[in-house]
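Here are the chains, one letter per residue:
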Amino acid sequence: MSYRVLAICAPLLSLFAATALHAQTLEDSVLAQINAARANPRAYAEKLREYRSYFDGAVVYLPGDYNGILTREGTVVVDETIAFLERQEPLPPLTQAEILALTAVDFSREQGALGARGHRGADGSDPGIRVKRHGGDIFVGEAIAYGFDNAEEVVRQMIVDDGVPDRGHRRLLFDAKLKFAGIGCGPHSKMEHICVVNVSATKDGRPVRLRYALQR
């Protein structure tokens, strides 16, 4: 009896371990992609020019994907993003922060299990409240991508921000005041995958302490 249990559990444990490893690798890769775009916006604009070439109307057919992905704005928003990146000055990298990461992981798991979307938690919480639960403060921003488990596609979704009128995700990733990030990715019961990126000017969402020169 015990051998049968072991025979069943061993593959499951391997599957869980592989899933956890993939999530960790994906989270690291997402941060690396964000930082690459911040460091060299014009190079990222060139990547988007190639991405634009895969459009047929509002549908984008990436290499190897014969089904295509229906976008809301088509190439118009891609062109707008390219123009934005051409004007954008290079920025320093975001540094991974534990409290922000824990918060992002928690929310990705909650939304993944519930099949939810948006920045409001099941209990009505916003990103700042969720960071406070881990000992931080409310001065944070949050970007979320759904449907992809590939870092390049996750970050491209956030930067292009198709269908988001204020381009809030893009603005967050290229905000010069923000210095730290925490990322949580995982399965989503309705959208297949989710990646949450929490960002802040400080490692725990606390306000920046300003230093004033003494007047003599």
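As a reminder, the structure under discussion sits directly above these lines.
Note that the coordinates shown come from a computational prediction; the quantities given were computed from them, not determined experimentally. (Residues numbered from 1 in each chain as written. Predicted model: local features only at pLDDT ≥ 70, side-chain atom pairs only at ≥ 80, totals over all residues. Heavy atoms only, no water.)

1. Thoughts on the packing of aromatic side chains
Okay, so step 1: Taken as a whole, this structure holds 2 aromatic pairs when the rule is applied.
Okay, so step 2: Each ring, one from Phe84 and one from Phe174, has its centre 5.5 Å from the other, and the planes form 70 degrees; the classification is edge-to-face. A residue pair is termed long-range when its members are at least 10 positions apart, and Phe84 in helix α3 (residues 75-87) and Phe174 in the loop between α7 (168-173) and β6 (180-188) qualify at 90 residues.
Okay, so step 3: Classification of Phe174 as buried rests on a relative accessible area of 7%.
Okay, so step 4: Arg117 extends its terminal NZ or CZ atom over the ring of Tyr146, reaching a point 4.9 Å from the ring centre.
Okay, so step 5: Seen from the ring of Phe84, Arg170 lies directly overhead, with NZ or CZ sitting 5.3 Å from the centre. (Phe/Tyr/Trp six-rings, centres within 6.5 Å; stacked < 30°, edge-to-face > 60°. Helix = DSSP H or I, 4+ residues; strand = E, 2+ residues; numbered from the N terminus. Buried < 20%, exposed > 50% of the residue type's maximum accessible area, 1.4 Å probe, protein only. Lys NZ or Arg CZ within 6 Å of the ring centre and 35° of its normal.)

2. Examining the environment of Asp79
Okay, so step 1: Along the chain, Asp79 falls in helix α3.
Okay, so step 2: Given the relative accessible area of 34%, Asp79 is considered partly exposed.
Okay, so step 3: On a C-alpha basis, the gap between Asp79 and Val160 in space is 9.3 Å, while along the polypeptide they are 81 residues apart.

3. What about a nonpolar patch on the surface?
Okay, so step 1: Together, Ile129, Ile138 and Phe139 make up an exposed nonpolar region whose accessible area comes to about 270 Å².
Okay, so step 2: Note that Ile138 resides in the loop between α5 (127-132) and β5 (141-146). (Patch = residues over 30% accessible without salt bridge, like charges linked within 9 Å, V, L, I, M, F, W, Y side chains within 5 Å. Areas by Shrake-Rupley, 256 points an atom, 1.4 Å probe, with all protein chains shown as cover. Salt bridge = Lys/Arg side-chain N within 4 Å of Asp/Glu carboxyl O.)

4. Some points on the pattern of salt bridges
Okay, so step 1: Summed over all chains, the structure comprises 13 salt bridges.
Okay, so step 2: The residue Asp166 makes a salt bridge to Arg171 at a minimum N-O spacing of 3.5 Å.
Okay, so step 3: On the basis of relative accessible area, Asp166 is assigned to the partly exposed category, the value being 47%.
Okay, so step 4: In this structure, Arg206 and Asp204 form a salt bridge, with 3.0 Å as the shortest nitrogen-oxygen distance.
Okay, so step 5: Classification of Asp204 by relative accessible area gives buried; the value is 16%.
Okay, so step 6: Via salt bridges that share partners, Arg42, Glu46, Arg49 and Glu86 belong to a single interconnected network.

5. Points about the sheet that holds strand β1 (residues 55-56)
Okay, so step 1: Strand order in the open sheet made by the 3 strands is β1-β2-β3, with antiparallel pairing throughout. Two strands bound the open sheet, and with one partner strand each, they are β1 and β3 (69-70).
Okay, so step 2: Note: β1 against strand β2 (residues 59-60), 2 bridges, orientation antiparallel. The partner of Phe55 across the bridge, within β2, is Val60. (Pairing = 2+ DSSP bridges.)

6. Remarks on the packing of helix α2 (residues 41-52) against α3
Okay, so step 1: Running from N to C, α2 and α3 cross one another at 160 degrees; their axes reach a closest spacing of 8 Å. Relative to α3, the element α2 lies roughly antiparallel. α2 and α3 meet at a crossing whose hand is left-handed. Residues Pro41, Arg42, Tyr44, Ala45, Glu46, Leu48, Arg49, Tyr51 and Arg52 of α2 form the contact with α3, whose participating residues are Thr75, Val78, Asp79, Thr81, Ile82, Leu85 and Glu86.
Okay, so step 2: Classifying every residue of the contact of α2 with α3 gives 8 nonpolar, 2 polar and 6 charged. (Axes fitted to C-alpha atoms, helices over the stretch in contact; angles between N-to-C directions. Parallel < 35°, antiparallel > 145°, perpendicular 65-115°, else oblique. Left-handed = near helix turned anticlockwise from the far one by under 90°. Contact = heavy atoms within 4.5 Å. Nonpolar A, V, L, I, M, F, W, Y, C, P; charged D, E, K, R; others polar.)

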